[in-house]
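Summary of structural features
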Amino acid sequence: MERSRLALPLIVLAQWCGTSLWFSINGVAASLGSDLGIREAEIGHLTLAVQLGFIVGTLTIAASGLADRYRASRIFLSASLAGALVNLAFITVAEHHALALLLRFATGLCLAGIYPLGMKLVIGWTPRHTGAALAWLVGMLTLGTAMPHLLRGATLDLPWAWTLILSSALAVAGGIAVALLGDGPHLPANASRARLKDGLAAFRDRHFLSVAGGYFGHCWELYAFWLLVPFLVDREVTRLQAPADWAPWLSFSVIAVGALGCILAGALSRRHGSASAANLALATSGALCLIYPWLGQASPLLLLALLYLWGFSVIADSAQFSSLASATAPRAHIGATLAVMNAIGFTLTLPGIWLGASLWQEHELSVLWLLLPGPVLGLWSMRGVAAYVRRQPASS
């Protein structure tokens, strides 16, 4: 009983530690620019490499059946250790763009053994109220994404490599914690051999397909926004004529506030359903996509406040999509199904990241309108899900 009570806190803390690898390069983007001459577009390429690695990794997991054939805790540990080593190796090759891209791709491969497997661990330990439980998990993913900005803010007097060293140390700690915990009792330890088509089978269900469509729209917006946060923050810090040292701290907090959004959305899902919570978050972030560029000459303090609201809402729906997906996916192949859904969703992050990084320097705030199709299409896809969830409140 005591082990079950500790399971969710340990898993979400391990997720926070492991996913600090994701944006470790973005946290030191300013230093890479000043020390090594790496431009915004090249930072975007490095971010794209991570996303591509994650996509290939999740598809490999789904096609090979690793997610359902082997213990999730062992995969999580192996991926965390490998990711930490690859992250450290980047320090030695940062000036060599081709090698740097390869290592960031490898980092994405490792993250495919952390994020989807973390979801499976949560479902295995906390089968009830998965919307609220997964909200904590995605909240820690958000903090992990923001963590490099915090680490950089805390080590401004040290070389940028310290941010990567510390994020690697966190990943190792997270992997060890999950290995000590083990898998939960509510999923089979070893399922039958899964194939890629098993991961795709759930898309035949119209409710699952609607939820997946909402998730795909969410993905289009989310990672492009996270990529742009340091640029958006730098713009307002410059307009405020504030010290440049403020930028990493503000960037961290704009992304990290999303963890609170996840947790509150999880609480909302228990009362009103996961679909309602997801739709509210999508509508809020979509409205900000639309209006923020029109307010470019408004007070920097107002724009920073809107960035906090955006950071709060842009990730709040993620756990609810995962909860709805897990409720409708085939139980025997839930790991493969979530891996395929993640792979498709993360494929849709690539255009937004590429466009944002490539066009920011020339177009600045107008780039944000390119994020708007995600929330709009996500809301359209989800329009038939709310009534279904109201009829089956236990699935949230």
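Anything mentioned here points back to the structure above.
The next point concerns the overall build of the protein. The helix and strand tally for the protein stands at 19 helices and 0 strands. Residues classed as buried in the protein amount to 61% of the 396 residues present. For the protein, restricting intrachain contacts to residue pairs at least 6 apart in sequence, the fraction spanning at least 24 positions comes to 86%. Total accessible area computed for the protein in this model is approximately 15,200 Å², and 66% of it derives from carbon and sulfur atoms.

On the surface, Leu-85, Leu-88, Leu-158, Trp-162, Ile-165 and Leu-166 cluster together into a nonpolar patch covering about 500 Å² of accessible area. For the nonpolar patch, the secondary structure elements donating two or more residues are helix H5 (72–93) and helix H9 (161–181). At 3 residues, the largest contribution of residues to the nonpolar patch is made by H9. Locating Trp-162 in the fold gives a position in helix H9. Under the relative-accessibility criterion, Trp-162 is labelled partly exposed at 40%.

This paragraph deals with the pattern of salt bridges. Scanning the model with the defined rule gives 4 salt bridges in all. Between Glu-42 and Arg-39 there is a salt bridge, with its nearest N and O atoms 3.8 Å apart. Its relative accessible area of 55% is what places Arg-39 among the exposed residues. We note a salt bridge from Glu-236 to Arg-235, for which the minimum N-O separation is 2.6 Å. The same class applies to Glu-236 and to Arg-235, which are both buried. What emerges from the salt-bridge pattern is a single network uniting Arg-235, Glu-236, Arg-239 and Glu-364.

Once that is clear, we can look at unusual backbone geometry. One non-glycine residue with positive phi stands out, namely Gln-241, at about 55°. Here Gln-241 shows up in the loop between helix H11 (206–240) and helix H12 (246–272). According to the relative accessible area criterion, Gln-241 is exposed, its value standing at 74%. Here Glu-364, not a glycine, exhibits a phi torsion of approximately 45°, which is positive.

What follows concerns the packing of H11 against helix H14 (residues 300–314). H14 packs onto H11 with a crossing angle of 160° between their chain directions and a minimal axis gap of 10 Å. Between H11 and H14, the angle is such that the two are roughly antiparallel. Like other packed secondary-structure pairs, H11 and H14 cross with a definite hand, here left-handed. Where H11 abuts H14, its residues His-218, Glu-221, Leu-222, Phe-225, Trp-226, Leu-232, Val-233, Arg-235, Glu-236, Arg-239 and Leu-240 lie against Pro-300, Leu-301, Leu-303, Leu-304, Leu-307, Trp-310, Gly-311 and Val-314. In terms of residue class, the contact of H11 with H14 is made up of 13 nonpolar, 2 polar and 4 charged.

Cut-off values and rules
Residues numbered from 1 in each chain as written. Predicted model: local features only at pLDDT ≥ 70, side-chain atom pairs only at ≥ 80, totals over all residues. Heavy atoms only, no water. Helix = DSSP H or I, 4+ residues; strand = E, 2+ residues; numbered from the N terminus. Buried < 20%, exposed > 50% of the residue type's maximum accessible area, 1.4 Å probe, protein only. Contact = heavy atoms within 4.5 Å. Areas by Shrake-Rupley, 256 points an atom, 1.4 Å probe, with all protein chains shown as cover. Patch = residues over 30% accessible without salt bridge, like charges linked within 9 Å, V, L, I, M, F, W, Y side chains within 5 Å. Salt bridge = Lys/Arg side-chain N within 4 Å of Asp/Glu carboxyl O. Axes fitted to C-alpha atoms, helices over the stretch in contact; angles between N-to-C directions. Parallel < 35°, antiparallel > 145°, perpendicular 65-115°, else oblique. Left-handed = near helix turned anticlockwise from the far one by under 90°. Nonpolar A, V, L, I, M, F, W, Y, C, P; charged D, E, K, R; others polar.

Taken by themselves, the reported measurements are silent on function.
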